[in-house]
Amino acid sequence: RPITKRNNHARKHDMKRIEQKLKEILEAEITVYEDILFLEEEKGRAILKKAGRLITDLSVRQESLINEIDQLEGDRIAVTEECGMNMALQPSEPLTLKEIARSLGDERGGSLVEAGANLKNLLVRINEKQSANARMINDNIDFFNLLIEDLKNHSTIKSGYNRDGSENRKAVNPVLFNIRA
């Protein structure tokens, strides 16, 4: 459509609405990711306590938050595509936050870039915490594997188990395992 004062005014109004919607989505994503980080920190404490049920419960709660993120990401992509159309662009991929911010100018675009940077920093912190938690879980698994291997190697008739792990019928002081640990 030809550029007129009316079209230009409508385009500016659309861009303000798109900018506002994008800010709302970014703020919502930051809130949800902060909740994910909190749960990941709780998982770290649960791993140290070897609280398997709590770890499972926290993971289920995180999964529901990840579903929220999926919805927000879909909304964000739709808004960036709308922004591209409003800017009379036909990008093959959704516009980046920096491209949208550039089109808004320094003052208005700066707040979007800042929100994006905050989100990126939060994602880095979550990734670091998840990596630390994974290392702790793997260390626990390695430790328990060593214990089990040692028990297997030292099983005797007196312990109640033979070398292949089968229970002997007559046992003195049998070894009991908590399989839920």
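Residues numbered from 1 in each chain as written. Predicted model: local features only at pLDDT ≥ 70, side-chain atom pairs only at ≥ 80, totals over all residues. Heavy atoms only, no water.

**Q** An account of the overall build of the protein is needed here, citing residue identities and associated values.
**A** Counting its secondary structure elements, the protein contains 4 helices and 0 strands. Order of helices (α) and strands (β) in the protein, N terminus to C terminus: α-α-α-α. Out of the 181 residues belonging to the protein, those deemed buried represent 27%. Looking at the protein as shown, the accessible area adds up to about 13100 Å², and 53% of this sits on carbon and sulfur atoms. (Helix = DSSP H or I, 4+ residues; strand = E, 2+ residues; numbered from the N terminus. Buried < 20%, exposed > 50% of the residue type's maximum accessible area, 1.4 Å probe, protein only. Areas by Shrake-Rupley, 256 points an atom, 1.4 Å probe, with all protein chains shown as cover.)

**Q** Give a detailed account of unusual backbone geometry, specifying residues and quantitative values.
**A** Residue K50 is not a glycine yet carries a positive backbone phi of 55 degrees. With relative accessibility at 42%, the residue K50 sits in the partly exposed group.

**Q** For the nonpolar core, give the residues involved together with the corresponding values.
**A** Counting 28 residues, the largest nonpolar core has Y33, I36 and I100 as its most contacted members. If you list the elements that add at least two residues to this core, you get helix 1 (5-49), helix 2 (52-86), helix 3 (97-104) and helix 4 (106-153). Per-element tally for this core: the top contributor is helix 1, with 13 residues. (Core = buried A, V, L, I, M, F, W, Y, C linked by side-chain atoms within 4.5 Å.)

**Q** Which residues make up the layout of surface pockets, and what are the values?
**A** Counted as a void, the largest pocket has a volume near 390 Å³. Around the largest pocket, the lining is made up of 17 residues, and of these L97, G116, A117, L119 and K120 lie nearest the centre. When contributions to the lining of the largest pocket are tallied by element, the ones reaching two or more residues are helix 1, helix 2, helix 3 and helix 4. For the lining of the largest pocket, the element with the most residues is helix 4, which contributes 6 residues. Each residue belonging to the lining of the largest pocket can be placed in one class, and the counts come to 9 nonpolar, 3 polar and 5 charged. (1 Å grid on protein atoms, 1.4 Å probe; cavity = no way out; pocket = protein on both sides within 12 Å on 5 of 7 lines; lining within 4 Å. Points joined across faces, edges and corners; volume = space filled by probe spheres on them. Nonpolar A, V, L, I, M, F, W, Y, C, P; charged D, E, K, R; others polar.)

**Q** How would you sum up helix 4? Please name residues and give values.
**A** The terminal C-alpha atoms of helix 4, which comprises 48 residues, lie 69 Å apart, in line with the 70 Å expected from a rise of 1.5 Å per residue. When we look at burial in helix 4, the residues that qualify are G109, L112, A115, G116, L119, L122, I126, N133 and N140. (Expected span 1.5 Å × (residues − 1).)

**Q** Let's hear about the side chain of E19: which residues, and what values?
**A** Mapped onto the fold, E19 is located in helix 1. Looking at E19, the relative accessible area reads 7%, which means it is buried. If near-sequence neighbours (up to four positions away) are discounted, E19 is found in contact with L104, R108 and L112. (Contact = heavy atoms within 4.5 Å.)

**Q** How would you sum up the packing of helix 3 against helix 4? Please name residues and give values.
**A** As a packed pair, helix 3 and helix 4 sit with axes 7 Å apart at the nearest point and diverge in direction by 160 degrees. As the angle between them shows, helix 3 and helix 4 are arranged roughly antiparallel. Helix 4 is crossed by helix 3, and the crossing has left-handed handedness. Counted together, L97, I100, A101 and L104 of helix 3 and R108, G109, L112, V113 and G116 of helix 4 form the full contact between these two elements. Taken together, the residues of the contact of helix 3 with helix 4 sort by class into 6 nonpolar, 2 polar and 1 charged. (Axes fitted to C-alpha atoms, helices over the stretch in contact; angles between N-to-C directions. Parallel < 35°, antiparallel > 145°, perpendicular 65-115°, else oblique. Left-handed = near helix turned anticlockwise from the far one by under 90°.)

**Q** Run through the packing of aromatic side chains, naming residues and quoting values.
**A** What the rule picks out here adds up to 1 aromatic pair. Between F143 and F144, the ring centres sit 5.6 Å apart and the planes meet at 65 degrees, which makes this aromatic pair edge-to-face. A relative accessible area of 43% places F143 in the partly exposed class. For F144, a relative accessible area of 31% corresponds to the partly exposed category. (Phe/Tyr/Trp six-rings, centres within 6.5 Å; stacked < 30°, edge-to-face > 60°.)

**Q** I'd like a description of the pattern of salt bridges, backed by residues and values.
**A** A side chain with one charge can pair with a side chain of the opposite charge if their charged atoms come near. Throughout the structure, instances matching the rule amount to 6 salt bridges. Across the salt bridge formed by K43 and E40, the nearest N and O atoms sit 3.6 Å from each other. Separated by 3 residues within a single helix, K43 and E40 lie in helix 1, roughly one turn from each other. The two residues K43 and E40 agree in class, both being buried. Taken together, the shared-partner salt bridges connect E19, K23 and R108 into one network. (Salt bridge = Lys/Arg side-chain N within 4 Å of Asp/Glu carboxyl O.)

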